[in-house]
Every structure is written in C-alpha cells, then in structure tokens.
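What follows is each chain in one-letter form.
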Amino acid sequence: MAKKEEMDVDKELKRMSKSIDIQIIKSENSFDNLLNKLDDDINKAVSSKVKMFDESKDLTSKHVTTSYTDDALERYKRKLDKI
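Now for a description of the structure that goes with this document. (Residues numbered from 1 in each chain as written. Predicted model: local features only at pLDDT ≥ 70, side-chain atom pairs only at ≥ 80, totals over all residues. Heavy atoms only, no water.)

**Some words on the overall build of the protein**
Just so we agree on the cut-off: Segments assigned H or I by DSSP are reported as helices when at least four residues long, segments assigned E as strands when at least two residues long, and all are numbered from the N terminus. Burial classes: relative accessible area under 20% of the type maximum marks a residue as buried, over 50% as exposed, and values in between as partly exposed (1.4 Å probe, protein chains only). To be clear on the numbers: accessible area is Shrake-Rupley with a 1.4 Å probe, and residue cover counts the displayed protein chains and nothing else.
The number of helices and strands found in the protein is 2 helices and 0 strands. Of all 83 residues assigned to the protein, the portion counted as buried reaches 1%. Roughly 8,200 Å² of accessible area belongs to the protein as shown, and the carbon and sulfur atoms make up 59% of that amount.

Shown next, in the form of structure tokens:
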C-alpha cells in the first residue's frame, strides 16, 4: 500500500507542477514582450533625439554661415526698439 500512495503523490506533484510550469511560461512570455516593447520605445526615443540633434546642428550651421550686413542689423535693432 505504501508503494501505491507514493505513486499517487508523484502523480499529484506532476499534475500540480504542470499548471505551475504553464504559468511560469506565460509569465516569461509576458516579460519578454514587455522587454521588447521597452527596447522599441528606447530605440524610437534615441532616433528622435538624434534627428532633433541633426536638425539643430543644421540650423546652427545655417545661422553661422548667414552673413548679416550692417543694414540688416540696423533694421533688427529698430524693430527691437519698437517692441
């Protein structure tokens, strides 16, 4: 009889561990999906910042290469004085 009870305990443990294993796999999949989404969000943010940096760099280089004549500066000063 002890042999029969031991086998039943083994079967019960296997049955219980099956549902736990399924839950572990589901949790792992969910965690992997969250990590993948986080990676995508990070990559999008980095790409956006790089694009903003490139645009800012272009604007800066345009500003530096723009030549302002004395006449243009005087017009800007008059406009600022009016404000």
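After that view of the structure, there is still more to cover.
**Quick word on the pattern of salt bridges**
Test applied: What counts as a salt bridge is simple: a side-chain nitrogen of Lys or Arg found within 4 Å of a carboxyl oxygen of Asp or Glu.
Summed over the entire model, instances satisfying the criterion amount to 2 salt bridges. Notably, a salt bridge pairs R15 with E12, separated by 2.4 Å at the nearest N-O pair. Separated by 3 residues within a single helix, R15 and E12 lie in helix α1 (residues 2–65), roughly one turn from each other. Of the residues examined, R15 reaches a relative accessible area of 52% and is grouped as exposed. A salt bridge links D41 to K37, with the nearest nitrogen and oxygen atoms 3.4 Å apart. With D41 and K37 both in helix α1 and 4 residues apart, the pair spans about one turn of that helix.

**Re a nonpolar patch on the surface**
Heads up, the rule is: Residues enter a patch when their relative accessible area is above 30% and they make no salt bridge; the linking distance is 9 Å between like charges and 5 Å between nonpolar side chains (Val, Leu, Ile, Met, Phe, Trp, Tyr).
A cluster of nonpolar residues, F31, L35, L38, I42, V46 and V50, forms a patch on the protein surface that exposes about 520 Å² of accessible area. Within the secondary structure, L35 sits in helix α1.

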